[in-house]
Amino acid sequence: MKLLHTADWHLGKRLDAFSRFDEQRQVLDEIVGIADAEDVDAVLVAGDLFDTLHPTAEATELLYSTLCRLSANGTRAVVAIAGNHDSPERIDVPDSMARTCGILCVGFPNADIKPYRTPEDLHTLRLDRGLAELKLPRCEAPLRLLLTPYANELRLKTFLGTEAPDAALREVLAAHWRHLADAYCDDAGVNLLMTHLFFVPASGEVPEEPDGERSILHVGGASAVYAADVPPQIQYVALGHLHRFQTIAEQPCPVVYSSSPLAYSFAEAGQTK
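Sequence order sets the numbering: in each chain, residues are counted from 1 along the sequence as written. The predicted nature of this model means local features are confined to residues of pLDDT at least 70 and side-chain atom pairs, given and counted, to a pLDDT of 80 or more, with totals for whole chains, interfaces and linings taken over all residues. Note that water and hydrogens are dropped before the side-chain values are worked out from all heavy atoms of the structure.

J.: What should I look at first to understand the packing of helix H1 (residues 21–37) against helix H2 (residues 57–70) in this one?
T.: When two helices pack together, their arrangement is given by the angle between the helix axes and the distance between those axes. Between H1 and H2, the shortest axis-to-axis distance is 10 Å and the interhelical angle comes to 10°. Comparing their axes, H2 and H1 come out roughly parallel. Counting all contacts with H1, which are made through Phe 21, Gln 24, Arg 25, Leu 28, Asp 29, Ile 31, Val 32 and Ala 35, the residues of H2 involved are Glu 58, Ala 59, Leu 62, Thr 66, Arg 69 and Leu 70. Under this grouping Gly is polar, as are all residues other than the nonpolar Ala, Val, Leu, Ile, Met, Phe, Trp, Tyr, Cys and Pro and the charged Asp, Glu, Lys and Arg. Along the lines of polarity and charge, the residues of the contact of H1 with H2 split into 8 nonpolar, 2 polar and 4 charged. For helices, the axis comes from a line fit to the C-alpha atoms of the stretch in contact; other axes are also lines fit to C-alpha atoms, and the angle between any two N-to-C directions lies between 0 and 180 degrees. Helix and strand assignments come from DSSP, with helices taken as H or I runs of at least 4 residues and strands as E runs of at least 2, each series counted from the N terminus. For classification purposes, angles smaller than 35 degrees are called roughly parallel, those larger than 145 roughly antiparallel, those between 65 and 115 roughly perpendicular, and all remaining angles oblique. We call two residues in contact whenever any of their non-hydrogen atoms come within 4.5 Å of each other.

J.: Whenever I open this one, the sheet that holds strand S9 (residues 143–148) confuses me. Can you help?
T.: Strands are labelled as partners when DSSP assigns at least two bridges between them. Across the sheet, 7 strands lie side by side as S7-S8-S9-S10-S13-S15-S14; this open sheet has mixed pairing. The open sheet has two edge strands with one neighbour each: strand S7 (123–128) and strand S14 (246–249). Pairs of neighbouring strands in the sheet enclose a mean axial angle of 25°, with direction left out of account. Across 4 bridges, strand S8 (residues 131–135) lies against S9 in antiparallel orientation. Along S9, the bridge assignment pairs Leu 134 with Leu 143.

J.: Please explain the side chain of Ser 260 as it appears in this structure.
T.: Mapped onto the fold, Ser 260 is located in the segment after strand S15 (255–257). A polar contact is formed between the side chain of Ser 260 and the backbone oxygen of Leu 262, at a distance of 2.7 Å. Among residues more than four places away in sequence, those in contact with Ser 260 are Ala 7, Asp 8, His 243, Glu 268 and Lys 273. Whenever two N or O atoms come within 3.5 Å, that pair is a polar contact, provided that in protein one can donate a hydrogen and the other can accept it, and provided that, for residues adjacent in sequence, both atoms are side-chain atoms.

J.: Where do I start with the pattern of salt bridges in this structure?
T.: Two side chains bearing opposite charge may form a pair once their charged atoms approach each other closely. A carboxyl oxygen of Asp or Glu within 4 Å of a side-chain nitrogen of Lys or Arg is what we treat as a salt bridge. All chains considered together, the criterion is met by 15 salt bridges. Two residues, Arg 144 and Glu 133, come together in a salt bridge whose shortest N-O distance is 2.6 Å. Here Arg 144, found in strand S9, pairs with Glu 133, found in strand S8; they are 11 residues apart in sequence, far enough to count as distant. There is no split in this pair, since Arg 144 and Glu 133 are both buried. Two residues, Arg 144 and Asp 186, come together in a salt bridge whose shortest N-O distance is 3.0 Å. Highlighted residues: Arg 144 in strand S9 and Asp 186 in the loop between helix H6 (169–184) and strand S10 (190–195), separated in sequence by 42 residues. Using a 1.4 Å probe on the protein chains alone, a residue whose accessible area is under 20% of its type maximum counts as buried, one over 50% counts as exposed, and one in between counts as partly exposed. By relative accessible area, which is 40% here, Asp 186 ends up partly exposed.

J.: Please explain the sheet that holds strand S6 (residues 103–106) as it appears in this structure.
T.: In space, the 4 strands of this open sheet follow the order S1-S4-S5-S6, with parallel pairing throughout. Each end of this open sheet is capped by a strand with a single partner; those strands are strand S1 (3–6) and S6. For this sheet, the mean angle separating the axes of adjacent strands, direction not counted, is 10°. Where S1 lies against strand S4 (residues 42–45), 4 bridges are found, and the strand directions are parallel. Across the sheet, the residue bridging to His 5 is Leu 44, located in S4. Here H2 sits on the sheet in contact with S4, strand S5 (77–81) and S6, set at roughly 135° to S6.

J.: Just checking my understanding: could you explain the side chain of Glu 133 for this structure?
T.: By relative accessible area, Glu 133 is classed as buried at 4%. Among the polar contacts made by the side chain of Glu 133, one reaches the side chain of Arg 126 at a distance of 2.9 Å.

J.: I'm lost on the pairing of S8 in this one. Help?
T.: Looking down a regular strand, the side chains alternate between one sheet face and the other. Counting buried positions along S8 gives 4 out of 5 residues, so the element sits mostly inside the fold. In terms of strand pairing, S7 meets S8 through 4 bridges, oriented antiparallel. Bridge pairing in S8 links His 123 to Lys 135. The antiparallel hairpin formed by S7 and S8 contains 2 residues in its connecting segment, where Gly 130 sits at a positive phi of about 85°.

Laid out in structure tokens, this is it:
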């Protein structure tokens with residue numbers, strides 16, 4: 001099974017007074033080209049699809065047309081989640097239409113994911129709050145995805161079933177992911193976690209958030225999540241939020257920020273995208 005992990009498109013973002021729209025259109029063309037050339041089975045878009053809660057019509061059209069092209073007429077799974085720049089309601093809006101093309105758009109961590117089947121037999125198998133198990137047309141093994149779109153700490157706790165003020169967010173998330181992994185993730189399938197959160201190493205230097213990015217790391221690090229919070233059944237963690245490509249941890253599996261496809265601030269000028 002071959003997967004393409006991307007994130008942080010920030011469609012509609014400007015650099016001061018300068019539009020980046022032409023660059024964004026070109027780089028999304030490149031991403032579609034990579035998906036086709038590599039003949040991938042699924043594309044994961046880990047949040048911050050838009051740059052603002054109210055994107056322009058041209059940014060919205062570019063997103064929908066790109067997701068449709070990535071789906072390759074319903075033969076390839078495309079899964080996109082909301083980031084901290086996105087309106088979760090807006091990400092959810094196209095879901096009913098998108099599912100007919102094998103595109104799954106998830107705005108909320110407690111989303112009630114609906115079943116679908118494309119004419120090419122890409123379809124859902126088992127669904128739960130925050131989990132989708134997909135049967136891909138060319139793959140014998142199913143793809144299990146634990147999906148946690150961005151929400152602030154209070155909303156995440158509420159969505160995931162606790163409002164206890166003394167419960168650390170990482171404990172709540174770890175319990176939620178462990179419950180789903182124990183129920184659905186065995187070694188007969190490919191098991192992934194996709195989220196838009198701030199993951200940090202258990203020790204060592206904390207990675208910097210992008211220059212100009214809305215911080216999601218609260219005072220005291222309450223919103224930071226560790227690789228140790230990932231269930232042992234998970235084989236890859238697809239992250240969005242940090243704009244530099246980096247592997248936060250290798251254990252219990254690779255925990256990876258894919259990077260933004262373009263440099264979105266002067267601080268990112270030296271980064272390879």
